[in-house]
Amino acid sequence: MKRERIEFLSSISAEIRKDIVRMVGVAGSGPVEMPLAISDLLVYLYWENMSIYPEKPLSEERDRLIMGVFKAVPALYAVLARRGYFAREELWHYRRLGSMLQASPDYNRTPGIDAPCLLDGLALAIASSSSELLLRRQPTPKVFCLCEERDFPQDFWHEACFAAETNLSNLIVLVIVKKSLKTGISDDEEKTILSYKNKMSGYGWIVSDIDGHDFQNMEDTLSVLDMSDGRPKVVFVFTNAGMDYSFIDDSDSDDVPALRHREDIEHALEELEERRSV
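Residues numbered from 1 in each chain as written. Predicted model: local features only at pLDDT ≥ 70, side-chain atom pairs only at ≥ 80, totals over all residues. Heavy atoms only, no water.

A.B. asks: How would you summarise helix H1 (residues 3-27) if you had to cite specific residues and measurements?
C.D. replies: Counted at 1.5 Å a residue, the expected span for H1 with its 25 residues is 36 Å, and the 36 Å between its end C-alpha atoms agrees. One or two positions beyond H1, positive phi appears at Gly28, with a value near 85°. (Helix = DSSP H or I, 4+ residues; strand = E, 2+ residues; numbered from the N terminus. Expected span 1.5 Å × (residues − 1).)

A.B. asks: Account for the environment of Thr166, with residues named and values stated.
C.D. replies: On the secondary structure map, Thr166 appears in the loop between helix H5 (154-165) and strand S3 (171-179). If sequence neighbours within four positions are ignored, Thr166 has contacts with Glu132 and Leu135. (Contact = heavy atoms within 4.5 Å.)

A.B. asks: Run through the environment of Tyr85, naming residues and quoting values.
C.D. replies: On the secondary structure map, Tyr85 appears in the loop between helix H3 (73-82) and helix H4 (120-134). Taking relative accessible area as the criterion, Tyr85 reaches 11% and is therefore assigned buried. Counting along the chain gives 28 residues from Tyr85 to Ile113, while the straight-line C-alpha distance between them is 9.7 Å. In this structure, Tyr85 is in contact with Tyr46, Ile52, Tyr53, Pro54, Pro57, Leu80, Pro111 and Gly112, ignoring residues within four places of it in sequence. (Buried < 20%, exposed > 50% of the residue type's maximum accessible area, 1.4 Å probe, protein only.)

A.B. asks: Would you mind going over the pairing of strand S1 (residues 64-67) in detail, with residue names and values included?
C.D. replies: Neither face of S1 is open: one carries Arg64 and Ile66, the other Leu65 and Met67, and all of them are buried. Both S1 and strand S2 (residues 143-148) contribute to a ladder of 4 bridges, which runs parallel. Among the inter-strand pairings, Leu65 is bridged to a residue of S2, identified as Phe144. (Pairing = 2+ DSSP bridges.)

A.B. asks: Give a description of the sheet that holds S1 that names residues and reports values.
C.D. replies: Read across the open sheet, the 5 strands follow the order S1-S2-S3-S5-S4; overall the sheet is parallel. Looking at strand neighbours, the two that pair on one side only are S1 and strand S4 (206-211), the edges of this open sheet. Taking the axes of each pair of neighbouring strands and ignoring which way they run, one obtains an average angle of 25° across the sheet. Here S4 pairs with strand S5 (residues 233-240) via 6 bridges, running parallel. Looking at S5, one finds that Ile206 is bridged to Lys233. Along the sheet, helix H6 (residues 187-203) makes contact with S3, S4 and S5, crossing S5 at roughly 165°. (Axes fitted to C-alpha atoms, helices over the stretch in contact; angles between N-to-C directions.)

A.B. asks: How would you summarise the side chain of Ser39 if you had to cite specific residues and measurements?
C.D. replies: Looking at the secondary structure, you find Ser39 in helix H2 (residues 33-49). A polar side-chain atom of Ser39 sits 3.1 Å from the main-chain carbonyl oxygen of Leu36. (Polar contact = N/O pair within 3.5 Å; in protein donor to acceptor, adjacent residues only side chain to side chain.)

A.B. asks: Would you mind going over the packing of aromatic side chains in detail, with residue names and values included?
C.D. replies: Scanning the entire structure with this criterion turns up 7 aromatic pairs. Between Tyr77 and Tyr94, the aromatic rings sit 6.1 Å apart at their centres with planes inclined by 70°, giving edge-to-face as the arrangement. On the criterion of sequence distance, the pair formed by Tyr77 in helix H3 and Tyr94 in the loop between H3 and H4 is long-range, its members being 17 residues apart. Like Tyr94, Tyr77 is buried. (Phe/Tyr/Trp six-rings, centres within 6.5 Å; stacked < 30°, edge-to-face > 60°.)

A.B. asks: Any chance you could break down the nonpolar core for me, citing the residues and the numbers?
C.D. replies: Ranked by internal contacts, the top residues of the largest apolar core, which has 62 residues, are Leu45, Tyr46, Leu65, Leu174 and Phe247. Top element by residues in this core is H2. It accounts for 11 residues. Residues in contact with Leu174, not counting those within four places in the same chain, are Leu41, Leu45, Phe144, Cys145, Leu146, Cys147, Leu222, Val235 and Val237. (Core = buried A, V, L, I, M, F, W, Y, C linked by side-chain atoms within 4.5 Å.)

Right, dumping it as structure tokens:
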């Protein structure tokens, strides 16, 4: 990937992070940490990897993204707006009664949303079913499923086994692993992730890692995945936790506003700009 392209993607990510802060701030509530953590990943997918048709959001040829991380939804909205699925002004109505952009995405109303936002096993079940149907098409659309690293329920592993047995080679599960810039990942977390990798590999999945903030690394890994090898893929995406921003604290949740006042929003935007210039 050329340096100019990386700089272009980085500039888009910087603007999307600002939009995330603005939309959550205007709404007065909403998750911030996870959206900031995965914005680079979504920018790479929607600008470099996925086949998308914003002017025809229901095109049968499009790649699909199944969101299994509820707290990541603002990042997806911001990316879809920048990609032209709907007007960017819609972001400022996030979470308002009757608006297009609800806290939980409505795939019947919001262009670019391919399925309800469900957690882990249910999201993977939708992604697996979609992948199985799309395998019959040529060229074969890809199906991405975003999950967060956690104690996956049993139904997740049932679906993972099904995907391998059904040879869903166009299915790519992206497991978001948040790490702190200061402390990284604990030994227990590393052991857990290794156990997940071993289990998925044992089922027959192709397993890999990427740095969720390194566009070249994403390109080197995701662009060479073989969609005809008969094996589903799982990619562990390591991201820097949003709590490394000073304006995010332990109170950040779906119920407690992270950005309560205009001054909070302005401070957050200033810090994002400073991070960009470093």
